[in-house]
Amino acid sequence: MYRIGPVDSKVNPVYLLSKKRSMASNTNVLMRLVASAYSVANKAGTIVRKVMAGGDLGIVEKCGANDLQTKADRLVQMSICSSLARKFPKVTIIGEEDLPSEEVNEELLEDGQCEEILKKVCPPQYNAIKEEEVQSALLRAPMECSDFSIKWEPVQKLVVWVDPLDGTKEYTEGLLDHVTVLIGIAYEGKAIAGVINQPYYNYEAGADAALGRTIWGVLGLGAFGFQLKEVPAGKHIITTTRSHSSKLVNDCISAMNPDTVVRVGGAGNKIIQLVEGKASAYVFASPGCKKWDTCAPEAILHAVGGKLTDIHGNFFNYNKEVKHMNSGGVLATLRNHDYYATRVPEAVKQALVP
């Protein structure tokens, strides 16, 4: 795991006052951040394709044969995190890969912003978001003294979660349509915006086809870059893991009596299947998924009226201190979430502790 962000202040608050004040001047930080993430994601897709075309993937095993890292993972994370940190230095950015601190080649950096996104009106509930806020804390002197003092401490409520290459194993095996780049944006622990790049979208359409696309979404605004479509009424098509299956995963799927089970790589890819009508539910009864896998997909799915929770029906928290593992599994749907949630076996719920 890689993190860029301000150093936390160490204080001993007795209680926090409710008054807050801004440390940033632009009231549309969210839309600027999404516009930057869009351009950065496009750059990331180019890097992914360039590494593959070069032939040397630089594969290393992190925690086994199903948990790989490639040169593309490393370069894309450096590109995304460094590019966003340069524009938004006070925002906490958390990336999947544990990389050493080093100077980033200027060729990896992206300074652009999507103009179409900047033209959109920010949902009013997010107008006041700042890169960093300050919160007042009433501090008490040593116990023998009755003096109090007020100190303003920085609070990072805005967090960016980055998966530089979702579906790495599939990338190494040539299953290129499974691969995505994920940039999720959370505020006060809630996923509110997401950007997903598919580096190889359209790659089977022929040599002259334009490769890649980027989709994005903001809660209260909608999602863009794809055609929303639903599975035909009455059909139950489940998409699930291709490379991390288990008895628990299969038992949970069987209990839902699906018409079809589609096994593919990448959490981002599975959510795209939901919003494009290729699957009705994403079921993963396993603790293998992490916050950088789900933040961007969740925001886009929720922006079009879908729902992503753990197997117990709990929503995920994406604040900067939260544990990275989604230990309660994942259950996501575009519609009829309750139909699938009520069919999760009790044995599965007991085995997956949130």
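Let us look at the structure shown here. (Residues numbered from 1 in each chain as written. Predicted model: local features only at pLDDT ≥ 70, side-chain atom pairs only at ≥ 80, totals over all residues. Heavy atoms only, no water.)

1. A short note on helix α7 (residues 291-303)
Relative to the 18 Å expected for 13 residues at 1.5 Å per residue, α7 spans 18 Å between its end C-alpha atoms, a close match to the ideal helical length. Among the 13 residues in α7, 13 count as buried, and that is most of the element. Downstream of α7 by a residue or two, G305 has a phi angle that is positive, lying close to 95°. (Helix = DSSP H or I, 4+ residues; strand = E, 2+ residues; numbered from the N terminus. Expected span 1.5 Å × (residues − 1). Buried < 20%, exposed > 50% of the residue type's maximum accessible area, 1.4 Å probe, protein only.)

2. Structural notes on the sheet that holds strand β17 (residues 330-333)
The strand order across the open sheet built from 5 strands is β14-β13-β15-β17-β16, with neighbouring strands paired in mixed fashion. A strand with exactly one partner marks an edge of an open sheet, and here the two such strands are β14 (260-264) and β16 (307-309). Adjacent strand axes in the sheet meet at a mean angle of 20° when their direction is disregarded. As paired strands, strand β13 (residues 237-241) and strand β15 (residues 281-284) are joined by 2 bridges and run parallel to one another. The residue bridging I238 from the neighbouring strand is A281, located in β15. Packing against the sheet, helix α5 (residues 247-254) makes contact with β13, β14 and β15, and its axis sits at approximately 175° to β13. (Pairing = 2+ DSSP bridges. Axes fitted to C-alpha atoms, helices over the stretch in contact; angles between N-to-C directions. Contact = heavy atoms within 4.5 Å.)

3. Side note on the pattern of salt bridges
A full pass over the atoms with the stated rule returns 13 salt bridges. Here E170 makes a salt bridge to R242, at a shortest N to O gap of 3.0 Å. Of this pair, E170 sits in helix α4 (residues 168-172) while R242 sits in the loop between β13 and α5, and the two are 72 residues apart along the sequence. For E170, a relative accessible area of 2% puts it in the buried group. K247 serves as the salt-bridge partner of D251, at 2.7 Å between the closest nitrogen and oxygen. With D251 and K247 both in helix α5, this residue pair falls 4 residues apart, about one helical turn. By relative accessible area, which is 33% here, D251 ends up partly exposed. Accessibility expressed as a relative area gives 63% for K247, which makes it exposed. Bridged by salt links that share partners, the residues K169, E170, E173 and R242 form one connected network. (Salt bridge = Lys/Arg side-chain N within 4 Å of Asp/Glu carboxyl O.)

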